[in-house]
Amino acid sequence: MFLLAALAIAAADVTAVARPLPGGLPEREPAAVGMSAERLATIDRVVQRGIEAGGYPGASLVVGRKGYAIWQRGYGTLDWTRTSRVTANESLYDLASLTKVVATTTALMVLFDQGKVELDAPVSTYLPEFSGGLKDQVTVRHLLTHRAGLSAGRELWRMASTPAEARAAVISSPINCTPGACYEYSDLGADLLGFIAEAVSGESLEGLLQKQVFRKLAMNDTRFRLSDADAARTAPTEIAPPRGYPLRGEVHDENAYALGGVAGHAGLFSTAADLSVFAQMLLDGGVYNGTRIVADSTVQLFTRRAAGHRALGWDTCAGGAGCGQFMSERAFGHTGFTGTSLWIDPDRQMFVVLLTNRVHAARARRPSKVIADVRNDLADAAVLAVMDDPGGVMAMPARFRADLAQDWNRPLRARRASSASARRKAAAARRAAAKRSAAKGRSAKGSSAARSTGKASTSAGKRKAVGKSKAAAKGTSVAKGKAATKRKSVASGKKTTSAKRGGKATSSRSKG
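Rules behind the numbers
Residues numbered from 1 in each chain as written. Predicted model: local features only at pLDDT ≥ 70, side-chain atom pairs only at ≥ 80, totals over all residues. Heavy atoms only, no water. Helix = DSSP H or I, 4+ residues; strand = E, 2+ residues; numbered from the N terminus. Buried < 20%, exposed > 50% of the residue type's maximum accessible area, 1.4 Å probe, protein only. Contact = heavy atoms within 4.5 Å. Areas by Shrake-Rupley, 256 points an atom, 1.4 Å probe, with all protein chains shown as cover. Pairing = 2+ DSSP bridges. Axes fitted to C-alpha atoms, helices over the stretch in contact; angles between N-to-C directions. Polar contact = N/O pair within 3.5 Å; in protein donor to acceptor, adjacent residues only side chain to side chain. 1 Å grid on protein atoms, 1.4 Å probe; cavity = no way out; pocket = protein on both sides within 12 Å on 5 of 7 lines; lining within 4 Å. Points joined across faces, edges and corners; volume = space filled by probe spheres on them. Nonpolar A, V, L, I, M, F, W, Y, C, P; charged D, E, K, R; others polar. Salt bridge = Lys/Arg side-chain N within 4 Å of Asp/Glu carboxyl O. Disulfide = S-S within 2.5 Å.

J.: What is the right way to look at the overall build of the protein in this model?
T.: Within the protein, the secondary structure is distributed over 16 helices and 10 strands. Of all 512 residues assigned to the protein, the portion counted as buried reaches 49%. Across the protein, every contact between residues at least 6 apart in sequence was considered, and the portion connecting residues at least 24 apart equals 69%. In the form shown here, the protein has an accessible surface area of approximately 23300 Å², with 53% of it arising from carbon and sulfur atoms.

J.: For this particular structure, what's the right way to read the sheet that holds strand 7 (residues 315-316)?
T.: Hydrogen bonding along the main chain pairs the strands of a sheet, whether they run parallel or antiparallel. Read across the sheet, six strands follow the order 2-1-10-9-8-7 without closing on themselves; strand pairing throughout is antiparallel. Pairing within the sheet leaves two strands with one partner each, and these edge strands are strand 2 (68-76) and strand 7. With five bridges connecting them, strand 8 (residues 332-336) and strand 9 (residues 340-345) associate as antiparallel partners. When the sheet's bridge partners are listed, Gly-336 is paired in strand 9 with Thr-340. Lying on the sheet, helix 13 (residues 367-384) is in contact with strand 1 (58-65), strand 8, strand 9 and strand 10 (350-356); it crosses strand 10 at an angle near 155 degrees.

J.: When you look at the environment of Gln-212 in this model, what are you seeing that I'm missing?
T.: Note that Gln-212 resides in helix 9 (residues 205-214). Setting aside its immediate chain neighbours within four residues, Gln-212 contacts Val-110, Gln-114 and Ile-293.

J.: Teacher, can you tell me more about the side chain of Glu-238 here?
T.: The residue Glu-238 is located in the loop between helix 9 and helix 10 (254-258) in this model. Taking the relative accessible area as the measure of exposure, Glu-238 reaches 16% and is therefore buried. Within the structure, Glu-238 has its side chain in polar contact with the side chain of His-252 (distance 2.9 Å).

J.: I would appreciate a short explanation of empty space enclosed by the protein in the present structure.
T.: Summary: where empty space remains is shown by rolling a probe the size of a single water molecule over the atoms. Enumeration according to the criterion identifies three cavities of 30 Å³ or more in this entry. Approximately 60 Å³ is the volume attributed to the largest cavity. Those elements giving two or more residues to the lining of the largest cavity turn out to be helix 4 (99-113), helix 5 (140-144) and helix 8 (187-201). Among the residues forming the lining of the largest cavity, the class breakdown is four nonpolar, five polar and one charged.

J.: Got a minute to help me understand the pairing of strand 2 in this structure?
T.: In this sheet, strand 2 lies alongside strand 1 in antiparallel orientation, the contact comprising eight bridges. The partner of Gly-58 across the bridge, within strand 2, is Gly-76. Hairpin connection, strand 1 to strand 2: the antiparallel pair is bridged by two residues, and Lys-66 has positive phi, about 55 degrees.

J.: Looking at this structure, I do not really get the pattern of salt bridges. What am I missing?
T.: Note on pairing: side chains with opposite charge can pair once their charged atoms come close. All told, the structure shown has 25 salt bridges when counted by the stated rule. A salt bridge links Asp-403 to Arg-45; the nearest nitrogen and oxygen atoms lie 2.8 Å apart. With a gap of 358 residues between them, Asp-403 in helix 14 (residues 401-404) and Arg-45 in helix 3 (residues 42-52) connect regions that are remote in the sequence. Classification of Asp-403 by relative accessible area gives buried; the value is 18%. Owing to a relative accessible area of 35%, Arg-45 belongs among the partly exposed residues under this scheme. By sharing partners, the salt bridges in this structure join Asp-221, Arg-223, Asp-230 and Arg-233 into a single network.

J.: Is there a simple way to explain the state of the cysteines in this structure?
T.: A covalent bond bridging the sulfur atoms of two cysteines is what the word disulfide describes. Per the counting criterion, the structure on display carries two disulfides. With its sulfur 1.6 Å from that of its partner, Cys-177 forms a disulfide with Cys-182. What makes Cys-182 partly exposed here is its relative accessible area of 25%. Each sulfur in the disulfide pair Cys-317 and Cys-323 lies 2.2 Å from the other. Residue Cys-317 shares its accessibility class with Cys-323, and that shared class is buried. Numbered in order of appearance, the disulfide-bonded cysteines of the protein are paired 1-2, 3-4.

J.: Whenever I open this one, unusual backbone geometry confuses me. Can you help?
T.: As a rule of thumb, non-glycine residues mostly have phi less than zero, and peptide bonds are mostly trans rather than cis. Of note in this structure, His-146 is not a glycine but carries a positive phi near 60 degrees. As for its position among the elements, His-146 is in the loop between helix 5 and helix 6 (156-159). A positive phi angle, close to 55 degrees, is found at Gln-349, a residue other than glycine. As for its position among the elements, Gln-349 is in the loop between strand 9 and strand 10.

J.: Please clarify how helix 9 should be interpreted in this entry.
T.: Three or four residues apart is the spacing at which side chains of an α-helix point the same way, because the helix has 3.6 residues per turn. Of all the 10 residues making up helix 9, eight are buried; the element is thus mostly covered by neighbouring parts of the structure. Within helix 9, the full set of buried residues consists of Leu-205, Glu-206, Leu-208, Leu-209, Gln-210, Gln-212, Val-213 and Phe-214. The elements touched by buried residues of helix 9 are helix 4 and helix 8.

Set out below in structure tokens:
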């Protein structure tokens, strides 16, 4: 009897371990899936260097392979106060443009499977108000591949005072070239795809995804609008946005906010653990834990290259957007402006999820360069850690991009502390250079005059001396004028740079 009970308990334990758990994938040691723990440790160094350089205060990461989370870690803190530690299971991040693929593209995949959306049907079939002129030629496929002829974006937050007005502004956006003939990465196209999903399903984009995708995958921390209770575990983003208050638990993208917080191009929040389940579902051909989300053929159709480097909704490694240099040709993924990325390599049955908030008071001069290098390094480190690749084990580089930290610059605080001293030294150097230049000019003119005149009369010598004195005075005046102009130019440049840093590049904010 006791033996039977023990066997039953053991069987239950095996089932519990093998079964995917809510909030993420089951974890396994790297060696169990043909990966090197020693090589994967490079990831810790790379992510930490990004934090130390001031690119972001913290990061959440999952590397998965063959159905398991192999490297699931939280690094640093949610903000710069160092009080709230990041965890892969609980820390929420604003996904920015990952919304385009995790939410909007997935909704289109579901509706495509159901026969409710045709890729080559005109958009006007589903949105009659989007019609007239070149708009009649725009298809769903054009929107998915960013070839509809739409602009990158519009400042909806300046134009609209309600979500309805923002929606109308998206639909009224002009087509700038013949659909299919030009490529422009566009938030507007993703918003239109969201409108199509709502029109076809008869539900909100948020409701459709919760019912058809997130709830089925137990992605319980993935949603558009967060409750006040969730804000404490959410990474903050902008500290001085046009809204006039620091953002935490509220969408970073101003246009998504103008659309009510639910938009096709941005607005989704999630954890790295939830996204690991989503990635595994795609690797498994649209099914997870016995629940099918979309057909295997649909996954293949939407994730393979369709036009240029773009797949349908997704990007590919040919676009050079953060998947390193070693992922396979069939790899696909996307990035988000806030510092997020998801890359999936079907040939190696692996994925890399990275979530950061590099837009939160970054202390590096170029946080975009920091996150770009870190993304690429993580993808490379994950691939290089694969020990059972049919092509053989690849050699590890002596240094990764994060080790070089090229163009990252020093953290902001260190730069500010030394800026006054640096300015004084630079000004002194400019003054010294101007004096040397003036002295050299006078000496050269004197030598030339002596050679050309020879033995001149006393009166001629006096005239030349007077002329030389005037020339020297004029040269000194010019040198001083140039030095003053240079100082004004430098000051003006600093003001312009400061203005640029403080300004809002809203049209490109959601881009990855």
